[in-house]
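# Understanding the architecture of this molecule
Each chain is listed here by its residues.
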Amino acid sequence: MEIQENFVNKVAQSGLVTLDPAEFYAPGERVIYDIKDNLFQGLILREKDFREFVKEHDWTQYEGKNVAVTCTADAIVPAWAYLLLANRMAPYAHEVVFGDAEVLETVLYIKAIAKLDVEQYRDQRLVIKGCGDIDVPVSAYVELGKKLTPVVKSLMFGEPCSTVPIYKKRD
């Protein structure tokens, strides 16, 4: 007796569209610039010394890079110091933000997602992919949900074979 089985790919027939948030990953090296290295005795920023550093520093090393400017020392740093750093880095860097690596990734993802043409997902059953090789910040999922909910028929999280429902449009 010969048994013949036909396998049906129900996922392929489901009409689900998958969006991988990793597609919004911005290229370029990530750099953390810690202003603590410019503090006198690790405590205070001396304006004269800092301005001399800014004048002499090679800002071209930030060419095309994504830079987060922060201070990890427990010190009071005047806002103008961060402004001055951003002013010098901006002509070279791809992106300059105030904060840590997580803030930098958030800004990069939000800017990339802002360019997304949501019309391609109008009335679609959309799955936002939940895992992959690139670590996607939660903020990117929030931004995608916010942007896509008004246009999709349904929104799910995960993989097409195993999804978590997020939203379904009521007819």
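The notes below deal with the structure included here.

Rules behind the numbers
Residues numbered from 1 in each chain as written. Predicted model: local features only at pLDDT ≥ 70, side-chain atom pairs only at ≥ 80, totals over all residues. Heavy atoms only, no water. Phe/Tyr/Trp six-rings, centres within 6.5 Å; stacked < 30°, edge-to-face > 60°. Helix = DSSP H or I, 4+ residues; strand = E, 2+ residues; numbered from the N terminus. Buried < 20%, exposed > 50% of the residue type's maximum accessible area, 1.4 Å probe, protein only. Lys NZ or Arg CZ within 6 Å of the ring centre and 35° of its normal.

### A few points about the packing of aromatic side chains
Here the structure, examined in full by the defined rule, presents seven aromatic pairs. A centroid spacing of 4.9 Å and a plane angle of 75° characterise the contact between Y82 and F98, whose relative ring orientation is edge-to-face. Of the two residues, Y82 is situated in helix α3 (residues 79-89) and F98 in strand β4 (residues 95-98); the sequence distance between them amounts to 16 residues. By relative accessible area, which is 16% here, Y82 ends up buried. Here F98 falls in the exposed class, since its relative accessible area comes to 56%. Linked through ring pairs, Y33, F50, F53, W59, Y62 and W80 together constitute an aromatic cluster. The cationic tip of R46 hangs over the ring face of F40; the distance from NZ or CZ to the ring centre is 4.1 Å.

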